[in-house]
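Take a look at the letters that make up each chain.
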Amino acid sequence: MSTTVRNIKEMEMTETHDDTFGIEVILLPEGQTAPCCPHGPTLLFQKVGRGGEKGRRFYACSACRDRKDCNFFQWEDDKVSEARLLAREAENQSRRPVISHEENCNRFRKFVSLPADEKIFCQDCQVLLLPGEREAHSPHKRVIVTAAQLRRPSVLLRPLDNKKSNAQYLFTDRSSHFLLDTLAALGYRKVLCVGAPRLQELIKLRNLEQQHEPMKSLLLDIDFRYAQFYGRDEFCHYNMFNHHLFGGEASSAVLRSFLAEADGEKAVMVADPPFGGLVKPLANSFCLVSQTWKKLQSSENGDAEMPTLWIFPYFFEPRILECLPSFTMLDYQVDYDNHPLYKHGKTGRKQSPVRLFTNVCPRDVVLPKQEGYRFCSVCQRYVWSLNKHCAKCNICPSKDGREWKHCSTCEKCVKPSWKHCQACGRCALPDHPCGEGGQMKQGCFSCGSLQHKRKSCPVRVAQTKSSNRSNNAKSGGKDLSHHPVNKPKSKRKSGAARRAKKLAAQSV
Ligand code: SAH
Ligand code: ZN
Ligand code: ZN
Ligand code: ZN
Ligand code: ZN
């Protein structure tokens, strides 16, 4: 199996995790606070057992999926002693950066004024060294940094490669230039770069060239090494899984003033989260940024959302659209420098699985013709060359960059590697586990039935419905009772269909 396929599979497994193995993130109602780990407020998780029994809820770190990186754990109903709270607070304090952002800014000022041959960077420690500090780093690997290199911290710094929580994949020139050209063409003048240090870097480099209209940018990232290079109005230490600004009120003020669009400069958010990240908390954070943006708007566009580009693999589409229904997935393939297998390619598996999800009108996001994209006038969006419009489905159906084909029995387009299976009554890979049961073997987590999955469980749907209805009653909303309770073919794909899709995708 090639590395690409394996990595994609790992990612799909990660996301499948919160359905199939029954771990859910529960967003806290406003006003309720979670205990904090060194990465800010933790997330509340809950196991959902096979028989539908709800497991005990617990708090764990929002940013680290590996216990080795952050071992915070607390049952929701734990009574935490005063002593333990103090110890925890001390631990959180001790994991703060030793050098504050302000101090980093002073250091940077000193550093740039050093003579060229004294501008030294320690690769082992990933820090810019000031004259008095060289001695201490003499056993380390050090390099002289040029002025040009100082403007490209994403090249100077070693990409973090912690597979589980924080692997950094940096945009190729092709992708970062495309993003920037697109944002400029759409008229944005302020770019909030969430986990996108290379984009911020490119914005600043372009401003120096003075050939384009200047753009402002603010980087929000958990990688504090960037505080060495950027001022306090250019970088905020941020956790995108819990919307936590480590710099507190001062950072919130920086973010608010950036989002304010003071001189009619339109703002846009571009986020490129780690692919192992959970969709729900990410979506929640982006909504919170959007809400802040909206509060700062002049009241004209009442229900507008902040324009956003979320960069993520295509197989998260159902999950992202579930959380952010106003978003669309675009065909553009984003690729990465230090991920040799996530490359833009014409055909086959070498294509990057990473796409743009956006609430900007797809018609307005022009994808480059010279790279093989074209405009579909029926779909009113730009699509990849192999994504042929299907007259029967009336869409350009391909998600993965390959040409899909129509199955007249299933009445939809499917992956080219799939064949229609009479026994299963649907299209699947030729070597799928065939016959009755097959994909359904695991049954429903809520009631144990083998006939459906948890997402389409009549019991569960009925429960959700009744709680929705009471909420709606309060707000004078619509009654939802016309929605079919036991009909898997509802508008949103059932859990079973989604999982089947994922399972199938994994084995291609
Ligand atoms: N393609 C982007 C980098 C994406 S890699 C570029 O070229 O600019 C993911 C980025 O998200 C990294 O910069 C990483 O430091 C950041 N990140 C990872 N976990 C994060 C978290 N919990 N909160 C905020 N940023 C995070
Ligand atoms: Zn943590
Ligand atoms: Zn060192
Ligand atoms: Zn089309
Ligand atoms: Zn079929």
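So, here is what we can say about the structure in this document. Numbers given for residues are sequential positions, taken from 1 along each chain in its written order. Lettering for chains starts from A, numbering for ligands starts from 1, and both go in the order in which the items are written. The predicted nature of this model means local features are confined to residues of pLDDT at least 70 and side-chain atom pairs, given and counted, to a pLDDT of 80 or more, with totals for whole chains, interfaces and linings taken over all residues. The side-chain values count all of the structure's non-hydrogen atoms but skip hydrogen atoms and water molecules.

## What about the coordination of the zinc ion (ligand 4)?
Piece 1. Metal donors: N, O and S atoms at distances within 2.8 Å, or within 3.2 Å for Na, K and Ca, with water omitted from the atom set so that some sites may seem incomplete. Note on the zinc ion (ligand 4): its protein donors are C376 (SG), C379 (SG), H389 (ND1) and C396 (SG). The metal-donor distances range over 1.9 to 2.3 Å.
Piece 2. Taken together, the four donor atoms surrounding the zinc ion (ligand 4) define angles of 106 to 117 degrees at the centre, an arrangement classified as tetrahedral.
Piece 3. Sequence positions of the donors to the zinc ion (ligand 4) reduce to the motif C-x2-C-x9-H-x6-C. You can see C379 sitting in the loop between strand 20 (373-376) and strand 21 (381-384) and its partner C396 sitting in the loop between strand 21 and strand 22 (405-407), a full 17 residues away along the chain.
Piece 4. Accessible area is worked out with a 1.4 Å probe on protein chains only. A residue is then buried under 20% of its type maximum, exposed over 50%, and partly exposed in between. Assessed through its relative accessible area of 5%, C396 is described here as buried. Note on geometry labels: four donors, all angles 85 to 135 degrees, give tetrahedral; four donors become square planar and six octahedral when opposite donors are over 155 degrees apart and every other angle is between 65 and 115; remaining cases are irregular. Each helix corresponds to a stretch of at least 4 residues labelled H or I by DSSP, and each strand to a stretch of at least 2 residues labelled E; elements are numbered beginning at the N terminus.

## Quick notes on the coordination of the zinc ion (ligand 3)
Piece 1. At the metal site, the zinc ion (ligand 3) is ligated by C122 (SG), C125 (SG), H137 (ND1) and H140 (ND1), and these contacts range over 1.9 to 2.3 Å.
Piece 2. Around the zinc ion (ligand 3) sit four donor atoms, and with donor-metal-donor angles ranging over 103 to 116 degrees the site reads as tetrahedral.
Piece 3. Going along the chain, you hit the donors of the zinc ion (ligand 3) in the pattern C-x2-C-x11-H-x2-H.
Piece 4. Given a relative accessible area of 13%, H137 falls into the buried group.
Piece 5. For H140, a relative accessible area of 26% translates into the label partly exposed.

## A look at the side chain of R355
Piece 1. Structurally, R355 can be placed in strand 19 (residues 354-358).
Piece 2. Any N or O atom pair separated by 3.5 Å or less is treated as a polar contact, with the protein-specific requirement of one donor-capable and one acceptor-capable atom, and with residues adjacent in sequence counted only for side-chain atom pairs. Polar side-chain contacts of R355 include one of 2.7 Å to the backbone oxygen of S352.

## Description of the sheet that holds strand 17 (residues 308-313)
Piece 1. Spatially, eight strands are ordered 15-14-13-12-16-17-19-18 in an open sheet, and the strand pairing comes out mixed. Lying at the two open borders of the sheet, with one neighbouring strand each, are strand 15 (244-245) and strand 18 (328-330).
Piece 2. Where strand 12 (residues 188-194) and strand 16 (residues 266-271) come together, six bridges link them in parallel fashion. The partner of V194 across the bridge, within strand 16, is A271.
Piece 3. Throughout, a residue-residue contact means that at least one pair of heavy atoms, one from each residue, lies within 4.5 Å. Each axis is a line fitted through C-alpha atoms, and for a helix only the stretch in contact is used; angles between axes span 0 to 180 degrees, taken between their N-to-C directions. Packing against the sheet, helix 7 (residues 197-209) makes contact with strand 12, strand 13 (216-221) and strand 16, and its axis sits at approximately 160 degrees to strand 13.
Piece 4. The sheet strands contacting helix 9 (residues 279-295) are strand 12, strand 14 (235-239), strand 16 and strand 17, and the helix crosses strand 17 at an angle near 170 degrees. Strand pairing is assigned whenever DSSP detects at least two bridges linking the two strands.

## Let's talk about the site of ligand 1
Piece 1. Near is defined per residue: the residue qualifies when any heavy atom it owns lies within 4 Å of the molecule or strand. What surrounds ligand 1 is a group of 22 residues, the closest being Y169, F171, R198, D221 and D272.
Piece 2. Between an oxygen atom of ligand 1 and a main-chain N or O atom of R198, the distance comes to 2.7 Å.
Piece 3. Measuring from a nitrogen atom of ligand 1, one finds a backbone N or O atom of M240 at 2.9 Å.
Piece 4. The accessible surface values rely on the Shrake-Rupley method and a 1.4 Å probe; as for residues, cover is taken only from the protein chains in view. In the complex, 99% of the free accessible area of ligand 1, which totals 570 Å², lies under the protein chains.
Piece 5. A total of three residues in the shell around ligand 1 trace back to one element, the largest contributor, which is helix 7.
Piece 6. Note on residue classes: Ala, Val, Leu, Ile, Met, Phe, Trp, Tyr, Cys and Pro are nonpolar, Asp, Glu, Lys and Arg are charged, and everything else, Gly too, is polar. Here the residues of the shell around ligand 1 sort into 14 nonpolar, four polar and four charged.

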